[in-house]
Amino acid sequence: MNRSSILTSFLLLLATQSWAQQVTFYTPKTVRIVKTNGQDVEKKSLVVTATPENVKVKVTKKGNSTIYESSALTVTVEDGKVAFEDKKGNLLTKEEGHSFTPITKGPDTDAFRVKQTFSVDADEGIYGVGLLQNGKMSLRGENRRMEQSNLEDFAHFYQTIKGYGIYWDNYSPTHLTTPADGKAGDVVLESEVGKLVDYYFIYGGDADGVIKEMRHLSGKVPMHPLWIYGFHQSRERYKSSAELLEVVHKYRNLKVPFDGIIQDWQYWGSNYNWNAMEFLNPEFDRAQDMINEVHKQNAHMSISIWASFGPETKAFKEMKEKGLLLDFDTWPQSGLPQWPPRKDYPSGVRCYDVYSQEARDIYWKNLSRLHKMGIDAWWMDSTDPDQMDLTEAQRDQKTTLGSYRSVRNAFPLMTVGGVYDSQRAVDNSKRVFILTRSYFAGQQRTGANTWSGDTGSSWETLRNQVPICLNYTLTANPNVNADIGGFFAGSYNTQGHNSATRNPQFQELYVRWMQFGAFTPMMRSHGADIYRELYYFGKEGEPVYDALVDAVRLRYRFLPYIYSQAWQVSHNDDSFMRALFMDFKQDKNTWNNNREFMFGRNVLVCPVVDPLYTQEKIVRTDAMSGWDKNDLEKETYAKVDWTTPRNFNVYLPAGTQWYDYWTNELKQGGQTLSASAPLSHSPLYIKAGSILPLGPDVQYANENQYDNIDLVVYPGANATFTLYEDEGDNYNYEKGAYTNIPLTWNENSKTLTIGKRTGSFEGMKTTRTFHVKVIGQGEKTVTYTGKSIAVKVK
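Residues numbered from 1 in each chain as written. Predicted model: local features only at pLDDT ≥ 70, side-chain atom pairs only at ≥ 80, totals over all residues. Heavy atoms only, no water.

Draft legend 1. Up close: the nonpolar core. Counting 209 residues, the largest nonpolar core has W378, L534, F558 and I754 as the members making the most contacts within it. Ranked by the residues each element gives to this core, the list is headed by helix α11 (residues 543-557), at nine residues. Ignoring any residue separated from it by four or fewer positions in sequence, one finds W378 in contact with I303, I305, W364, L367, L370, H371, V419, Q423, F433, I434 and L435. Ranked by size, the runner-up nonpolar core spans 36 residues in total, among them V114, I126, L189 and F201. (Core = buried A, V, L, I, M, F, W, Y, C linked by side-chain atoms within 4.5 Å. Buried < 20%, exposed > 50% of the residue type's maximum accessible area, 1.4 Å probe, protein only. Helix = DSSP H or I, 4+ residues; strand = E, 2+ residues; numbered from the N terminus. Contact = heavy atoms within 4.5 Å.)

Below, the structure written as structure tokens:
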């Protein structure tokens, strides 16, 4: 029997089984599979916001099989197992089995442990999953329990080199198993609580297509404000408004570019006032003047907020009265500011029920005090959240949406999303930006950027950041960053307080991390134990200081390129940090490369992730042990000649040619080479056939309003680029208030066409200067009025 249908959902009642299965096409490329154990279950997804489209599906019955064919996929159900093929008949993956295991005690006895398995080939790279501190690009050979934490977070989503992804729509802790390298086998997902086997199969053809479909399902990425893409300075912590303003003024006096200053915890005073969302600490008694002065200096201020409250806060008291607090110990356990915590003086701090709309409203009501003072962005810490000595009974406690266990991993999505939704409801003049420590699938829609937790300061940690950021990106969340330098750096203070700023081992690590951070979606220096402000590392003319400042200036040089890429991320579902296989899939050497990445479509970033001047210091710490401040054996710091040339091995992907950014020398792809890597910079390459809009030297992001931009052409192939501009910090772009300037390089005619500008916005420059530079050919300065002009440099 054959029939065509525009129905998107098909229910199969399996007579020989005790369960039913539903197949629902959301798009021609995305299919939801639901299995129920004989129950009639209604479920509203916390992640999926899309509704099924009217997809034309051909349905065929053949023996024990039912075959569903859309324009992109063939889905075959045989004896309850589902197989997915592309339109050429290539098997993408198939189910190998599922199970419902009854839960016999606790509040979830009406649910099950639910498990599903999916086949993968022997050479099939597996990517995404979340933020994993394991240093791996392809996530084969995994056997782990996935639960959000300080250092690792999980999206319940993976994709493979074959161009498909699986989103597992379950919010309880989930066990993941993947086959070892070189072996065919199964990906196994088993969640602790579920009434359904519920997942979405997403076929994109490639990684970009999978990301696009996942964002269609779970939400698009809003634009961040322009200033977010500048440099941000932080430390644990500024202890007074005077300390914070000293940093702002010193950077401006030294002419070190920066856009953001970040205030960490305890501006609220004692732990009993934890996260009061008020400046109760007497050292911040003139907080409004402090915020105003930051803005007067053309900078912005972010501030730490938590998903928990101390017992003396207004929010705690209101939520306790309404039964909207969760009952487990969280950070800080002690009411006294000391380590280790004094459990005989409990802080009483409690997380709130983030699953409750009423609780999220109360949260915003309290946060709005800071919003009205002019705080520009939120640093939402401990959104995992921290769980101290959690018992099984506490996992089973009630929340608004069921047992805590059943919704555990969606905690960050709910609290971060609550702030985004609340601010959007009352203020369109300032784009929401949230820096957060934890995430879940769908969080890309909340204006959030996740950092990789309270890491130790080591070369191993720096190496891990590359695949962490790339796999996070491959879960459809493009905004990710790390504490530049690592968070816990006390092991380098071997000559006393803050001596690590003179310790060559940390100096080299910090410089290389800063050079890596220049090409992440947020460039942010932060950490404990050491003052991270650049001027503690020397002065102008000294190699370490100069290298740090040069990395910041390089970031600002690339700002027009970065902000244009931000538009591609938001409007066209692109990504900032791109695993090499996303652009060079035909080159198998890219499939498991965990040391390099593309930044946008044109820039190959090769961070130096091994020490070249000092001996590597092995640091073993975690999110709790890092707070132990043990006395260190005194060391004498060896003198290092930072001017000595050094080299670092890099791989240039095949299929194109590459320009060395520093020398403009052209290299062939498909080779590993020993690249120059002095302390002053890390290797950086530009793909032949690229146009880069690069900005002038500025002190903050919108200082020059995009005038005097260099349009740098790297010839060798035809090239296009779209230069995007808008007002920088409101939501008028959603109403069409922005401009695009198309740039096109014709390799045959050696001509750059600066196309007709489309769109407009308030305050835009109608006439501007472009400096056109064609590598190896020459340069020319032109005046642009919005009309198309063709430029030849010779």
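Draft legend 2. Highlighting the state of the cysteines. Evaluated as defined, the whole model comprises zero disulfides. No disulfide involves C469; its sulfur sits 16 Å from the nearest other cysteine sulfur, which is in C606. A relative accessible area of 0% places C469 in the buried class. Residue class for C606 comes out buried when judged on its relative accessible area of 1%. (Disulfide = S-S within 2.5 Å.)

Draft legend 3. Broad picture of the packing of aromatic side chains. The full count for this structure, using the stated rule, is 55 aromatic pairs. Ring plane angle 20 degrees and centroid distance 5.4 Å describe the contact between Y164 and F201, whose orientation is recorded as stacked. In this pair, Y164 sits in strand β14 (residues 164-168) while F201 sits in strand β17 (residues 196-203), placing the two residues 37 residues apart along the sequence. Across the pair, F201 and Y164 agree in class, each one buried. On the numbers, 5.9 Å between centres and 45 degrees between planes, the contact of Y229 with F576 is tilted. (Phe/Tyr/Trp six-rings, centres within 6.5 Å; stacked < 30°, edge-to-face > 60°.)

Draft legend 4. Structural view of the environment of A180. Structurally, A180 is set in the loop between β15 (174-177) and β16 (185-194). In this structure, the C-alpha to C-alpha distance between A180 and F581, residues 401 residues apart in sequence, is 20 Å. The contact partners of A180, leaving out residues within four places of it in the chain, are R140 and G141.

Draft legend 5. The arrangement of the environment of T174 in detail. Among the secondary structure elements, T174 is positioned in strand β15. You can call T174 buried: its relative accessible area is 0%. When the C-alpha atoms of T174 and E190 are compared, they prove to be 5.4 Å apart, with 16 residues separating the residues in sequence. Once residues within four sequence positions are removed from consideration, T174 is found in contact with R144, R145, M146, H156, W168, L189, E190 and S191.

Draft legend 6. Examining the side chain of S334 more closely. Tracing the chain through its elements places S334 in the loop between α4 (314-321) and β22 (350-351). Those residues in contact with S334 that sit more than four places away from it in its chain are N271, P341, R342, Y345, P346 and S347.

Draft legend 7. Representation of the pattern of salt bridges. Enumeration according to the criterion identifies 58 salt bridges in this entry. We note a salt bridge from E192 to R405, for which the minimum N-O separation is 3.1 Å. Of this pair, E192 sits in strand β16 while R405 sits in helix α7 (residues 404-407), and the two are 213 residues apart along the sequence. You can call R405 buried: its relative accessible area is 13%. Here R350 makes a salt bridge to D327, at a shortest N to O gap of 3.7 Å. Remark: D327 occurs in the loop between α4 and β22 and R350 occurs in strand β22; sequence separation between them is 23 residues. Via salt bridges that share partners, R145, E147, E192, E392, R395, D396, R405 and R408 belong to a single interconnected network. (Salt bridge = Lys/Arg side-chain N within 4 Å of Asp/Glu carboxyl O.)

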